[in-house]
Amino acid sequence: MSDTQDPPQDESTADKSEDALDGEYDPREVEPEWQDRWVADETYAYDEDADTRFTIDTPPPTVSGNLHMGHLYQFTLQDFVARFHRMRDDTVYFPFGYDDNGIASERLTERELDIRHQDYPRREFQEKCRDVCTQFEDEFTEDVQSLAISIDWDNTYKTIAPDVQRVSQLSFLDLYEQGREYRQRAPTIWCPDCETAISQVEQEDKDKHTKFNDIAFDLVETGEGPADENATFTISTTRPELLPACVAVFVHPDDDENQHLVGGSARVPIFEQEVPIIADERVDMETGSGIVMCCTFGDQNDIEWYQAHDLPLRLAIDESATMTDLAGDYEGMHTTEAREAIIEDLDEEGSLLESRDHDHTVQVHERCEEEVEYLVTEQWYIELLDKKEEYIAAGREMEWYPEKMATRYEHWIEGLEWDWCISRQRDSGIPIPVWYCDDCGEPVMAEREQLPVDPLSDDPPVEACPHCGHDSLTPEEDVFDTWATSSLTPLVNAGWDWDADSESFTMELPELYPFDLRPQGHDIISFWLFHTVVKCYEHTGEVPFENVMINGMVLDENREAMSKSKGNVIPPSEVLEKFPVDATRYWAAGTSIGDDFPYKEGDLEAGERLLQKLWNASRLVDQLTPAAQPDEPDDLAAVDEWLLAELDATVESVTAKFEDYEFSKARNELRSFFWNTFCDDYLEIAKQRLSDGGDTSTEFTLLQAHRTFLQLFAPFLPHITEELWERCYDEDSSIHTTDWPTAGGYDADLEAGETAMEVVSALRRYKTENGLPLNADLDHVEVFGHIAGFEDAVAEAMHVAQLDTYDETPDITTEVSGIDLDYSLVGPEFGSEVGAIDAAIEDGDYEIDGDTLRVAGVELDDEMFAVEESRTYSGEGEMTETESAVVVVR
Ligand SMILES: [Zn+2]
Ligand SMILES: [Zn+2]
């Protein structure tokens, strides 16, 4: 590639002071200036009165720490959409929220202040959370603004704010009235570290190294009667601390060997309780002895057995994973401590048969990675399991980008085993607006007009229980799961509320709902997307989104997930110290959405080179053209019409790709057209033509193409395009609020034009290789190829006196000049014969027969070799071949 796009120094010095594009591009200076100006000018404000709009339900980041590369990537992708649609439609609704209630922000507060929530009165701890969150939110906002994300900063919300609390509590009351919620005392998934119930979606698999222990249980009775003295059987378990909670032993009905035990009973070692032996198909016959114990509760199976066989409840572990009095001598120990002690004691009394290393998967709480327990507690649930099919169908009503992500949503619903537990035994959350009768237990809901309420400080709406008349009520102390509120963001944004006069739900901005787009990561399809669909669907009867765009995760350069424990986390601040924001955006556009992809400095460097190229090309255009854009001449030169027709095709194609969220294809196509077609080909010709005197056709085309490029690049590279736009075209308004380019209806033989450009490049190369200046005259050039209509353009640009064109191919002879072997295939196949094969090829002693090479007495298949050819032109002059033409300089 030539570097001749750089401004010709000698020509430009004379009137440089009038030059709009003085000097080099300095993103360090330019980028922060624009970021501040966009915010101050409210460039991205949503216009409520616009005719057309595009609405985005932006993910409110959980306040749990600082900005990471995942945020940078995700926000940037959303911003491509927002900026494209802001230019294409009249206005864009692109709000910003913080999800600042719930466990994540509580744990951040505990970490930041080095405190435990249990040690403070609730109000005091909540205030500490507010303070810490506010500080993190302020920093985060600055960070997001410094990424040039085109948020409407007048449309912001916090999920802990009173108006959002009202929406959240209204949702609770509505679902209760619809019969979609219930409160139940039952086994719950429990995090002993956070000391709260959690939901199925918050469980995460974690590989764990542990011991598999074979333990002898005394057989008391078989199914046929009293067992022999000293008769035992073996139970294998990773959790012997659950022995005091053992309530039964199970055998598979197809397990012939152990069938005689069914109906009998066994005695649990150390703890001595006698438990029944029962048949059940859920037993995994492949693991251990095929006989398993059921404890209340070690896992999901235990819960199912407990419910199916009406077993007693033995709770040996409490809310903080401490052993209860049921554990006898082990009472007060933590489960891990009790496990060690019990193994030791089993060994001592001879019940431990074997203890071997074992790797298995356990369920942990995703926030703290603590292994979950299953406790019987009283919780509020939203019913899900009865409507799985309906929620899957609701998902199918949305367009998924990429489409494959829809299956993740469906698989999640198919695998649901629990209704959604929405109550949390935590401090900093939205209160559940309910009181309970102290006599009959009847729940008393808050009135809608009252919301938001905190039952701990506000009065219930009635003096006495409406059910039994009892006059004392106890407030609910639990708060909502964070997702119970963040799943309402479309309704929060649309201003959903209860209207007491009309006794119905209303929306302040009904035109927003359903939203055009929900953008989010694939890691929270089961959390945020699923729960939003459920809630909005139940409240409005409608799916909340037309389209869903799912992004992947940012990996390190070796395609490993970034994690603190691996020490491979790259903070955005480090990246932005080295690279302009526009370069990070160029990188972010580099992969198909939905795919995980690596952070690669090489891609950011390519982005930087593009910025320089854009700046330099703009300077050249600026120098070549008059200050005011000339009117379109009636008669455009063929090469100008061709460029504008190519531009039309690019506009249409790039627009379609933006509409389909195919950012990497849009970026690559645009870059390649700008760099190769415009800069390398067209701009060279334009420069040549303009140096011979003014030409309105060229000037018009240059400016038209340049303006269009800037606009097409604007969603990707907002700073440099804004800077160039201001300097070259409009000092008063932003490029980001201009109308998206449309095709101008230009018509040209695109193929002939492209071939003509190849010819120009070939001639340029010829001059360079022969040490000629680019404006050297060539006497006679023959072109074998289709460049009809562009002959004059080629001749003019390359200073050719006589240019002849021919449709037929010239007289070229092709000769085999050598054979290239693929040794990775030939070596293993022919081993010691390779030397002889090489020698025979060297001597020219071989024969090519169709796809086969015969040499040194063996035959090679076509994938093992490539034929090298040399082509010679036997006519007069020097030949150069391009992709679609042959050029001869005589
Ligand atoms: Zn936890
Ligand atoms: Zn009552």
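Scroll up for the structure.
Let me begin by describing the structure that accompanies this report. Note that the structure is a prediction, hence the values are computed from the model and not measured.

1. A short note on the coordination of the zinc ion (ligand 1)
Inference 1: Surrounding the zinc ion (ligand 1) are the protein donor atoms Cys191 (SG), Cys194 (SG), His365 (ND1) and Cys368 (SG), at 2.0 to 2.3 Å.
Inference 2: For the zinc ion (ligand 1), the four donor atoms in the first shell make angles of 100 to 119 degrees at the metal, a pattern classed as tetrahedral.
Inference 3: Spacing between the donor residues of the zinc ion (ligand 1) along the chain follows C-x2-C-x170-H-x2-C. Neither Cys191 nor Cys194 differs from the other in exposure class; each is buried.

2. Considering the packing of helix 15 (residues 581–588) against helix 20 (residues 718–728)
Inference 1: Running from amino to carboxyl end, helix 15 crosses helix 20 at an angle of 125 degrees, the nearest separation of the two axes being 7 Å. When the axis of helix 15 is compared with that of helix 20, the two are oblique. Where helix 15 approaches helix 20, its residues Val581, Asp582 and Arg585 are matched on the opposing element by Pro718, His719 and Ile720.
Inference 2: Considering only residue class, the contact of helix 15 with helix 20 consists of three nonpolar, one polar and two charged.

3. Notes on the nonpolar core
Inference 1: Judged by nonpolar contacts, the single largest core of 124 residues is most densely connected at Trp587, Tyr599, Phe663, Phe674, Phe678 and Leu763.
Inference 2: It is helix 18 (residues 663–691) that contributes the most residues to this core, 13 residues altogether.
Inference 3: Counting 67 residues, the second largest nonpolar core, distinct from the first, contains Tyr157, Ile160, Val434 and Tyr436.

4. A look at unusual backbone geometry
Only a minority of non-glycine residues have a phi that is not negative, and only a minority of peptide bonds are not trans.
Inference 1: Along the chain, Thr296 connects to Phe297 via a cis peptide bond; the corresponding omega equals -5 degrees.
Inference 2: By secondary structure assignment, the location of Phe297 is in the loop between strand 12 (291–295) and helix 7 (300–308).
Inference 3: Along the chain, Leu451 connects to Pro452 via a cis peptide bond; the corresponding omega equals 5 degrees.
Inference 4: Mapped onto the elements of the fold, Pro452 is located in the loop between strand 19 (443–445) and strand 20 (473–475).
Inference 5: Backbone geometry places His799, a non-glycine residue, at a positive phi of 55 degrees.
Inference 6: Along the chain, His799 turns up in the loop between helix 22 (791–798) and strand 29 (800–806).
Inference 7: With relative accessibility at 21%, the residue His799 sits in the partly exposed group.

Definitions and cut-offs
- Residues numbered from 1 in each chain as written.
- Chains lettered and ligands numbered in written order.
- Predicted model: local features only at pLDDT ≥ 70, side-chain atom pairs only at ≥ 80, totals over all residues.
- Heavy atoms only, no water.
- Donors = N, O, S within 2.8 Å, 3.2 Å for Na, K, Ca; no water.
- Tetrahedral: all angles 85-135°; square planar, octahedral: opposite > 155°, others 65-115°.
- Buried < 20%, exposed > 50% of the residue type's maximum accessible area, 1.4 Å probe, protein only.
- Axes fitted to C-alpha atoms, helices over the stretch in contact; angles between N-to-C directions.
- Helix = DSSP H or I, 4+ residues; strand = E, 2+ residues; numbered from the N terminus.
- Parallel < 35°, antiparallel > 145°, perpendicular 65-115°, else oblique.
- Contact = heavy atoms within 4.5 Å.
- Nonpolar A, V, L, I, M, F, W, Y, C, P; charged D, E, K, R; others polar.
- Core = buried A, V, L, I, M, F, W, Y, C linked by side-chain atoms within 4.5 Å.

Taken by themselves, the reported measurements are silent on function.
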